[in-house]
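For reference, the chains in residue letters:
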Amino acid sequence: MESTYTTVRLGSDSWIEDARCKGMDLSVFFIDYDVIDRRDVMKQAEIAKEYCYSCPVQQQCLDYAIVNKVKYGIWGGMNEKHRRKHLNSNKNYYESLCK
């Protein structure tokens with residue numbers, strides 16, 4: 001079933017100003033699976049998630065990625081696979097963001 005979500009701004013994008021990752025090299029959040037081996041992938045993902053878990057706007061970042069169907073990268077502490085699972089468990093919440 002095709003999702004009915006559309007690209008939204010979630011109010012203001014001002015939450016980005018408070019992101020812990022603002023100004024840092026964002027490549028840590030976008031893992032190139034073709035370049036590094038599995039052990040390094042897991043290590044890099046854990047480093048990225050640690051930044052997210054202590055970020056004051058983690059939920060806004062996660063919401064943005066889910067509502068906008070971002071396919072790549074770690075957003076709000078979750079990769080795309082985990083965001084799909086999270087969405088499936090919280091459909092009513094995300095549908096309400098799109099109204």
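Residues numbered from 1 in each chain as written. Predicted model: local features only at pLDDT ≥ 70, side-chain atom pairs only at ≥ 80, totals over all residues. Heavy atoms only, no water.

Chemist: Go over the environment of Ala48 with me, naming the residues and quoting the values.
Modeler: Residue placement: Ala48 occurs in helix α1 (residues 38–53). Residues Ala48 and Phe29 lie 19 residues apart in sequence; the distance between their C-alpha atoms is 5.5 Å. (Helix = DSSP H or I, 4+ residues; strand = E, 2+ residues; numbered from the N terminus.)

Chemist: So, the layout of surface pockets: which residues are in play, and what are the values?
Modeler: Any space left empty among the atoms is revealed by the rolling of a water-sized probe across them. The computed volume of the second largest pocket comes to approximately 340 Å³. Lining the second largest pocket are 20 residues, and of these Ala19, Cys21, Leu26, Cys61 and Trp75 sit closest to its centre. Breaking the lining of the second largest pocket down by element, the ones donating at least two residues are α1 and α2 (58–67). Looking at which element gives the most residues to the lining of the second largest pocket, the answer is α2, with 3 residues. Along the lines of polarity and charge, the residues of the lining of the second largest pocket split into 15 nonpolar, 3 polar and 2 charged. (1 Å grid on protein atoms, 1.4 Å probe; cavity = no way out; pocket = protein on both sides within 12 Å on 5 of 7 lines; lining within 4 Å. Points joined across faces, edges and corners; volume = space filled by probe spheres on them. Nonpolar A, V, L, I, M, F, W, Y, C, P; charged D, E, K, R; others polar.)

Chemist: Explain the pattern of salt bridges to me, and be specific about the residues and the numbers.
Modeler: Any two side chains of opposite charge can pair, given that their charged atoms come close. The full count for this structure, using the stated rule, is 2 salt bridges. Here Glu80 and Arg84 are joined by a salt bridge, their closest N and O atoms 2.1 Å apart. Taken together, the residues Glu80 and Arg84, both in helix α3 (residues 80–89) and 4 residues apart, mark about one turn of the helix. By relative accessible area, Arg84 is classed as partly exposed at 43%. (Salt bridge = Lys/Arg side-chain N within 4 Å of Asp/Glu carboxyl O. Buried < 20%, exposed > 50% of the residue type's maximum accessible area, 1.4 Å probe, protein only.)

Chemist: Just give me the short version of α1, but keep the residues and values in it.
Modeler: Relative to the 22 Å expected for 16 residues at 1.5 Å per residue, α1 spans 22 Å between its end C-alpha atoms, a close match to the ideal helical length. Turning to α1, its buried residues number three or more, namely Val41, Gln44, Ala45, Ala48, Lys49 and Cys52. Seen end-on, α1 carries its buried residues on one side only, within an arc spanning 135°. Opposite the buried face of α1, at more than 90 degrees from it, the exposed residues are Arg39 and Lys43. Residues of α1 that are buried make contact with α2 and α3. Where α1 starts, the residue carrying a side-chain oxygen 3.2 Å from the main-chain nitrogen of Arg39 turns out to be Asp37. (Expected span 1.5 Å × (residues − 1). Arc of directions from axis to C-beta. Contact = heavy atoms within 4.5 Å. Polar contact = N/O pair within 3.5 Å; in protein donor to acceptor, adjacent residues only side chain to side chain.)

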